[in-house]
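Listed below, chain by chain, are the residues.
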Amino acid sequence: SILSIFLRYYLIFFLFISLPFVIFCFFFLIIRRPPRSTLSSSSAASDVYKRQCHDRNVNPQDAHHMQKLFETCMPLVTEFRERLNDSTTTPTVEHSLLYCLTKEGITDDEMACTMVNLIVAAGEAPASALAQTLEEIANNREVEEKLLAEIEEAASGPELDYKSLNYSEACVTEGLRLFAPATMVQRVATVDTSLSGARIPRGTVVGVCVHSVHHNAADWPEPDKFNPDRPELHYANHPMLLSFGKGLRGCPGKHLAVAICKIALARVVQMFELRPVPGQKPSGECAKVRKFVEWSVDGIPVMAKRRWTPKA
């Protein structure tokens, strides 16, 4: 019949022409298309983080990256709790930060947030300050030669006596002063008080601009100059050095951070001759992105020429 012939040819048309076309459209438009969040976050992030920015508010890109860090840390907290319940603790575990937080009744969310804070504070902050310190040394042959002389005196083959690297530590501390990674510290007033005639009620959040304190000529002669020979230049004792904050709420990892930077600085100077990059502006003249930490849009320009290769 005519109907059977029509249905037969329609079925052939659908199977061999219409269905493949529908599958192709589905694949091209749906499967191959990246998720909307990926498109928006990557394109917006590349736009936001590659131009000068003075907005300290948390934007969607900041929140996106912090959320990714949080989601990475949360499974670690969960696994730590599971292992803690399934096995006998060792002295190493009992001295860990997560163990102490667990015993204090801290929630999983708070523990994961603490881990995010440590990742940012222990990674980005020392790296940023150290990179800019290396740039200053690249532009100061006298400081580099003095550093190298101290390192060679402390060297025994490939090994270094890090405790004797006092000038190296001074360079690190001066770098932390000149390029303080955290641009502001905040404290909450626990009582009604006054400061320089200004009344501060209890509960007021007081912000201290670290950059302004570190560039105050009354406390730091020639504040914009990199000078590791400043008197009484000690990261923990100098009253006007706030790279790690002050008091009971100061950074608990300051000694470790300085040790890491000192070791890295000594090794870099020992192995490489540092020079400025020809034709490239110093980072101080480049546009900045100013958030909790500050970094240059165009990076930190330093040229390194190998001196020697340490034996394995």
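Conventions and cut-offs
Residues numbered from 1 in each chain as written. Predicted model: local features only at pLDDT ≥ 70, side-chain atom pairs only at ≥ 80, totals over all residues. Heavy atoms only, no water. Helix = DSSP H or I, 4+ residues; strand = E, 2+ residues; numbered from the N terminus. Expected span 1.5 Å × (residues − 1). Buried < 20%, exposed > 50% of the residue type's maximum accessible area, 1.4 Å probe, protein only. Arc of directions from axis to C-beta. Contact = heavy atoms within 4.5 Å. 1 Å grid on protein atoms, 1.4 Å probe; cavity = no way out; pocket = protein on both sides within 12 Å on 5 of 7 lines; lining within 4 Å. Points joined across faces, edges and corners; volume = space filled by probe spheres on them. Nonpolar A, V, L, I, M, F, W, Y, C, P; charged D, E, K, R; others polar. Salt bridge = Lys/Arg side-chain N within 4 Å of Asp/Glu carboxyl O. Phe/Tyr/Trp six-rings, centres within 6.5 Å; stacked < 30°, edge-to-face > 60°. Lys NZ or Arg CZ within 6 Å of the ring centre and 35° of its normal. Core = buried A, V, L, I, M, F, W, Y, C linked by side-chain atoms within 4.5 Å.

A. Looking closely at helix α7 (residues 141–154). The terminal C-alpha atoms of α7, which comprises 14 residues, lie 20 Å apart, in line with the 20 Å expected from a rise of 1.5 Å per residue. All of the buried residues along α7 are Val143, Glu144, Leu147, Leu148, Glu150, Ile151 and Ala154. With its buried residues spanning 165° around the axis, α7 presents them on a single face. Counted as exposed and oriented over 90 degrees from the buried face of α7: Glu142, Glu145, Glu152 and Glu153. If you follow the buried residues of α7, they end up packed against α6 (108–138), β1 (155–156), β2 (159–160), α8 (166–178), α10 (254–271) and β7 (272–275).

B. Looking closely at empty space enclosed by the protein. Tallying each qualifying case throughout the model produces one cavity of 30 Å³ or more. Size it by volume and the largest cavity reaches roughly 40 Å³. What lines the largest cavity is simply Ala129, Leu130, Thr133, Val172, Gly175, Leu176 and Cys261. Going through the elements one at a time, α6 and α8 are the ones with two or more residues in the lining of the largest cavity. A breakdown of the residues in the lining of the largest cavity according to their chemical character gives five nonpolar, two polar and no charged.

C. Looking closely at the pattern of salt bridges. Evaluation of the coordinates by the stated rule reveals nine salt bridges. Among the ionic pairs, aspartate 108 bridges to arginine 81, the shortest N-O distance being 2.3 Å. With aspartate 108 in helix α6 and arginine 81 in helix α3 (residues 60–86), this residue pair connects regions lying 27 residues apart in the sequence. Classification of arginine 81 as partly exposed rests on a relative accessible area of 23%. A salt bridge links arginine 275 to glutamate 273, with the shortest nitrogen-to-oxygen separation between them at 2.7 Å. Linked by salt bridges that have partners in common, Glu144, Glu273, Arg275 and Arg307 make up one network.

D. Focus on the environment of proline 239. Residue placement: proline 239 occurs in the loop between α9 (210–214) and α10. Proline 239 gets classed as exposed once you look at its relative accessible area, which sits at 60%. For the pair formed by proline 239 and aspartate 219, sequence separation is 20 residues and the distance between their alpha carbons is 9.8 Å.

E. Structural view of unusual backbone geometry. Even without being a glycine, serine 196 presents a positive backbone phi close to 55°. Tracing the sequence through the fold places serine 196 in the loop between β4 (193–195) and β5 (198–200). Residue glutamate 232 is not a glycine yet carries a positive backbone phi of 55°.

F. Spatial organisation of the packing of aromatic side chains. For the structure shown, the criterion picks out one aromatic pair. Centroid distance tyrosine 235 to phenylalanine 244: 6.1 Å. Interplanar angle 70°. Geometry classified as edge-to-face. Here the two residues tyrosine 235 and phenylalanine 244 agree in accessibility, since each one is buried. The ring of tryptophan 220 has arginine 177 sitting right over it, with the charged end atom 5.3 Å from the ring centre.

G. How the structure looks around the environment of serine 128. Along the chain, serine 128 turns up in helix α6. In this structure the C-alpha to C-alpha distance between serine 128 and glycine 299, which are 171 residues apart in sequence, comes to 9.8 Å.

H. Fine view of the nonpolar core. With 31 residues, the main nonpolar core has Ile137, Val143, Leu147, Cys171, Leu265 and Val269 as its most contacted residues. It is α10 that provides the largest number of residues to this core, a total of six residues. Those residues in contact with leucine 147, other than ones at most four positions away along the chain, are Ile137, Tyr167, Ser168, Cys171, Leu265 and Val269.

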